[in-house]
Amino acid sequence: TNPIIFENLDLGWKGIYVLSKEEDNSILHNVVIRNTTGVSDGLLSLTGGVNLYKGNIKLKKLDIQGSKAEDSLNIVQAHVDIEDLNISNSYSDSFDCDYCTGIIKSSTFDNIGGDALDFSGSMLLITDVIVSNVKDKGFSIGEASDIKINDSSISNIGVGIATKDGSNASGSNIDIQGYSMYAA
């Protein structure tokens, strides 16, 4: 019933790195991760505070706070089932999802120094997501991604939704307020 908490002892810590086989499952449920800086150790240099590569990723009630990494959460080449993901106070981007399929629902992204959600080559359904207080883009959709966004709100951002590189974005019931450049 109590969350599992990963946090630093001093100024920050490298975070988590999981490399799976395609058929493997990685599950984080009821977990809090605080103050990551990213993984840089010899030849290994990863952009995320939490890095998950390949497999089937199930995240439920994951709370990432105060990351100083380039991406608070970085998922690559995986099938994702994400519910109640909360990322706050990120120095740069909060969630980078590359070449993934699946669903993201009932999640929040707040006080983000870069992009809130950044997609490359992914096919995802996103529903009931709240994005607020983001310096750059709420949704950055690129590299031939196909993203559907429903029942979501975006506020106090630079750009609401940016689509590029042959990507498709569609959605319904999206509320965008307080943008400084463009809504979509």
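Residues numbered from 1 in each chain as written. Predicted model: local features only at pLDDT ≥ 70, side-chain atom pairs only at ≥ 80, totals over all residues. Heavy atoms only, no water.

1. Observations concerning the overall build of the protein chain
Move 1: The helix and strand tally for the protein chain stands at 0 helices and 15 strands.
Move 2: Its C-alpha atoms give the protein chain a radius of gyration of 15 Å, near enough to 16 Å, the size a compact globule of 184 residues would have.
Move 3: C-alpha atoms of the protein chain, sized along the principal axes, occupy 40 × 40 × 35 Å.
Move 4: The buried share of the protein chain, reckoned over its 184 residues, is 47%. (Helix = DSSP H or I, 4+ residues; strand = E, 2+ residues; numbered from the N terminus. Rg over C-alpha atoms; globule rule 2.2 N^0.38 Å. Buried < 20%, exposed > 50% of the residue type's maximum accessible area, 1.4 Å probe, protein only.)

2. Section: the side chain of Ser 92
Move 1: Structurally, Ser 92 is set in the loop between β9 (79-90) and β10 (93-98).
Move 2: Those residues in contact with Ser 92, other than ones at most four positions away along the chain, are Ala 69, Glu 70, Ile 112, Gly 113, Gly 114 and Asp 115. (Contact = heavy atoms within 4.5 Å.)

3. So, the pairing of strand β12 (residues 117-120)
Move 1: Residues Leu 117 and Phe 119 of β12 are buried on one face, and the alternating residues Asp 118 and Ser 120, pointing to the opposite face, are buried as well.
Move 2: Pairing of β10 with β12 involves 4 bridges; the strand directions are parallel. Across the sheet, the residue bridging to Asp 98 is Ser 120, located in β12.
Move 3: Note that β12 and strand β13 (residues 123-142) share 4 bridges and pair parallel. Residue pairing across strands places Asp 118 opposite Ser 140, the latter belonging to β13. (Pairing = 2+ DSSP bridges.)

4. Re the pattern of salt bridges
Move 1: The tally for this structure, following the rule as stated, stands at 5 salt bridges.
Move 2: One salt bridge in this structure joins Glu 7 and Arg 34, with 3.2 Å as the shortest N-O distance. Within this pair, whereas Glu 7 is found in the loop between β1 (4-6) and β2 (16-19), its partner Arg 34 is found in strand β3 (residues 25-34), the two being separated by 27 residues in sequence.
Move 3: A relative accessible area of 44% places Glu 7 in the partly exposed class.
Move 4: On the basis of relative accessible area, Arg 34 is assigned to the partly exposed category, the value being 24%.
Move 5: The shortest N-O distance in the salt bridge between Lys 58 and Asp 81 comes to 3.7 Å. Linking Lys 58 in strand β7 (residues 56-65) with Asp 81 in strand β9, this pair joins segments that are 23 residues apart in sequence.
Move 6: Because the salt bridges share partners, they merge into one network encompassing Asp 115, Asp 136 and Lys 137. (Salt bridge = Lys/Arg side-chain N within 4 Å of Asp/Glu carboxyl O.)

5. Here's the deal with the side chain of Asp 115
Move 1: By secondary structure assignment, the location of Asp 115 is in the loop between β11 (101-112) and β12.
Move 2: From its side chain, Asp 115 meets the backbone nitrogen of Lys 137 in a polar contact 3.1 Å long.
Move 3: Not counting residues within four places of it along the chain, the set of residues in contact with Asp 115 comprises Ser 92, Asp 93, Ser 94, Val 134, Asp 136, Lys 137 and Ser 140. (Polar contact = N/O pair within 3.5 Å; in protein donor to acceptor, adjacent residues only side chain to side chain.)

6. Details of the state of the cysteines
Move 1: Considering all chains together, one arrives at 0 disulfides under this definition.
Move 2: No disulfide involves Cys 97; its nearest neighbouring cysteine sulfur is the one of Cys 100, lying 3.3 Å away.
Move 3: Residue class for Cys 100 comes out buried when judged on its relative accessible area of 1%. (Disulfide = S-S within 2.5 Å.)

7. Thoughts on unusual backbone geometry
Move 1: Positive phi, close to 60°, is recorded for Asn 35, a residue that is not glycine.
Move 2: Secondary-structure assignment places Asn 35 in the loop between β3 and β4 (39-41).
Move 3: Classification of Asn 35 as partly exposed rests on a relative accessible area of 29%.
Move 4: If you check the backbone angles, Ala 144 has positive phi at about 60° while not being a glycine.
Move 5: Structurally, the position occupied by Ala 144 is in the loop between β13 and β14 (146-163).
Move 6: Under the relative-accessibility criterion, Ala 144 is labelled exposed at 54%.

8. Some points on the nonpolar core
Move 1: Among the nonpolar cores identified, the biggest contains 39 residues, and Leu 73, Ile 75, Phe 95, Phe 119, Val 131 and Phe 139 are the most heavily contacted of them.
Move 2: The leading source of residues in this core is β13, at 7 residues.
Move 3: If we skip the residues at most four places from it in the chain, Phe 119 touches Cys 97, Ile 104, Leu 124, Ile 126, Phe 139, Ser 140, Ile 141, Gly 142, Glu 143, Ser 145 and Ile 147. (Core = buried A, V, L, I, M, F, W, Y, C linked by side-chain atoms within 4.5 Å.)

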